[in-house]
Amino acid sequence: MRIVTTIAQWVVRLTGMTLVALGLLFWAGRALGLVPLHMAIGAAFVLALLALVGAAAAAGLRPAFVALAAGYGLVIPVFGMVQTRLWPGPDHWIVQLLHLGIGIGGMILALRLASHVREHPRTPGRPGVAAASRAPLSSGNEYS
Ligand code: HEM
């Protein structure tokens, strides 16, 4: 699960930074031909975020938080796809800012999920049993 977490976290970092960079170009009215690329990279971002949700669920994250995080992961592409039609006019910048905020929220969520997985390692071969929770049951003198 650790390798999945590391890869997904890097995908979130790299795609997240690329999305913000492309988005800032769009904001400046440039490179608008790259919007489909931005959307495709956004899809990779969301898939990596959902992989982290799965890893955190396997690491024992509470089901309510798993559902919230997965729901948030789905809001990102839905909002991204409808945002151009939301609140048209001079105040559309509020929708654009919201899209950026939701995206950055996704990056922060991904980091929190990855730290949850690292803080709750599972014992190999014993699914569902955290290494830390096994420690008090061990003899404490395994190498003697
Ligand atoms: C599947 C996910 C995503 C989709 C479908 C999507 C879609 C879009 C679209 C269609 C635009 C162009 C809007 C316009 O022409 O006015 C845009 C712009 C932008 N996107 Fe995304 N996006 C996604 C994810 C993200 C993420 C995760 C971030 C940040 C981490 C981000 C940051 C931005 C920024 C800063 C802009 C420019 C401002 C704006 O128009 O909102 N996007 N996005």
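Please read all numbers here as calculations on a predicted model, not as lab measurements. (Residues numbered from 1 in each chain as written. Predicted model: local features only at pLDDT ≥ 70, side-chain atom pairs only at ≥ 80, totals over all residues.)

Participant: Just give me the short version of the overall build of the chain, but keep the residues and values in it.
Facilitator: In terms of helices and strands, the chain carries five helices and zero strands. For the chain, the N- to C-terminal ordering of α and β elements is α-α-α-α-α. Looking at the 144 residues of the chain, the share that counts as buried comes to 19%. (Helix = DSSP H or I, 4+ residues; strand = E, 2+ residues; numbered from the N terminus. Buried ≥ 20, exposed ≤ 12 C-beta atoms within 10 Å, placed from the backbone.)

Participant: Now, about helix α4 (residues 92-119): what can you tell me, with residues and values included?
Facilitator: Here α4 spans 41 Å end to end across 28 residues, near enough to the 40 Å set by a 1.5 Å rise per residue. Buried within α4 are the following residues: Gly106, Leu109, Ala110, Leu113, Ala114 and Val117. Of the surrounding elements, those touching the buried residues of α4 are α1 (2-27), α2 (35-58) and α3 (63-82). (Expected span 1.5 Å × (residues − 1). Contact = placed C-beta atoms within 7 Å.)

Participant: Give me the site of the ligand: which residues, what numbers.
Facilitator: Around the ligand, the surrounding shell holds 26 residues, and the nearest of these are Gly23, Gly42, Gly80, Gln96 and Gly103. Looking at the shell around the ligand, the elements with two or more residues in it are α1, α2, α3 and α4. Split by residue class, the shell around the ligand holds 16 nonpolar, 10 polar and no charged. (Near = placed C-beta within 6 Å. Nonpolar A, V, L, I, M, F, W, Y, C, P; charged D, E, K, R; others polar.)

Participant: Now, about the nonpolar core: what can you tell me, with residues and values included?
Facilitator: The biggest cluster of nonpolar side chains holds 20 residues, and the ones touching the most others in it are Ala48, Leu49, Leu52, Ala56, Ala110 and Leu113. Broken down by element, this core gets its largest block of residues, nine residues, from α2. Sequence-distant contacts of Leu49, that is, excluding residues within four places in its chain, are made with Val12, Gly73, Gly106, Leu109 and Ala110. (Core = buried A, V, L, I, M, F, W, Y, C linked by C-beta atoms within 7 Å.)

Participant: Help me get a handle on α3, residues and values and all.
Facilitator: Given a rise of 1.5 Å per residue, 20 residues ought to cover 28 Å, and the 29 Å separating the end C-alpha atoms of α3 matches this to within 8%. Of the residues making up α3, those classed as buried are Ala69, Gly73 and Ile76. Against α2 and α4 lie the buried residues of α3.

Participant: Give a detailed account of the environment of Gly16, specifying residues and quantitative values.
Facilitator: Tracing the chain through its elements places Gly16 in helix α1. As a C-alpha pair, Gly16 and Ile41 span 25 residues in sequence and 8.5 Å in three-dimensional space.

Participant: Pulling in residues and values, what's your account of the packing of α2 against α3?
Facilitator: Two elements in contact, α2 and α3, have axes whose closest approach is 9 Å; the angle formed by their N-to-C orientations is 175°. Considering their axes alone, α2 and α3 lie roughly antiparallel with respect to each other. When α2 is examined against α3, the residues Met39, Gly42, Ala43, Val46, Leu49, Leu50, Val53, Ala56 and Ala57 are found in contact with a partner set consisting of Val66, Ala69, Ala70, Gly73, Ile76, Pro77 and Gly80. The residue inventory of the contact of α2 with α3, partitioned by class, reads 13 nonpolar, three polar and no charged. (Axes fitted to C-alpha atoms, helices over the stretch in contact; angles between N-to-C directions. Parallel < 35°, antiparallel > 145°, perpendicular 65-115°, else oblique.)

Participant: Can you break down the packing of α1 against α4 residue by residue, with the values?
Facilitator: Axis separation between α1 and α4 bottoms out at 10 Å; the angle between their running directions is 165°. Classified by the angle their axes make, α1 and α4 are roughly antiparallel. Our pair here, α1 against α4, has a crossing hand that is left-handed. In this structure, α1 contributes Thr5, Gln9, Val12, Gly16, Leu19, Gly23 and Trp27 to the contact, and α4 contributes Gln96, Leu100, Gly103, Met107, Ala110, Ala114 and Val117. Its residues assigned to classes, the contact of α1 with α4 comprises eight nonpolar, six polar and no charged. (Left-handed = near helix turned anticlockwise from the far one by under 90°.)

Participant: Lay out the confidence of the model for the chain in plain terms, naming residues and giving numbers.
Facilitator: Interpretation of this model should avoid reading the predicted coordinates in detail wherever pLDDT is low. This prediction gives the chain a mean pLDDT of 89; 85% of its residues lie at or above 70. Of the regions scoring below 50 in pLDDT, residues 131-144 engages in five contacts with residues more than four places distant in sequence or in other chains. (pLDDT = per-residue confidence, 0-100.)

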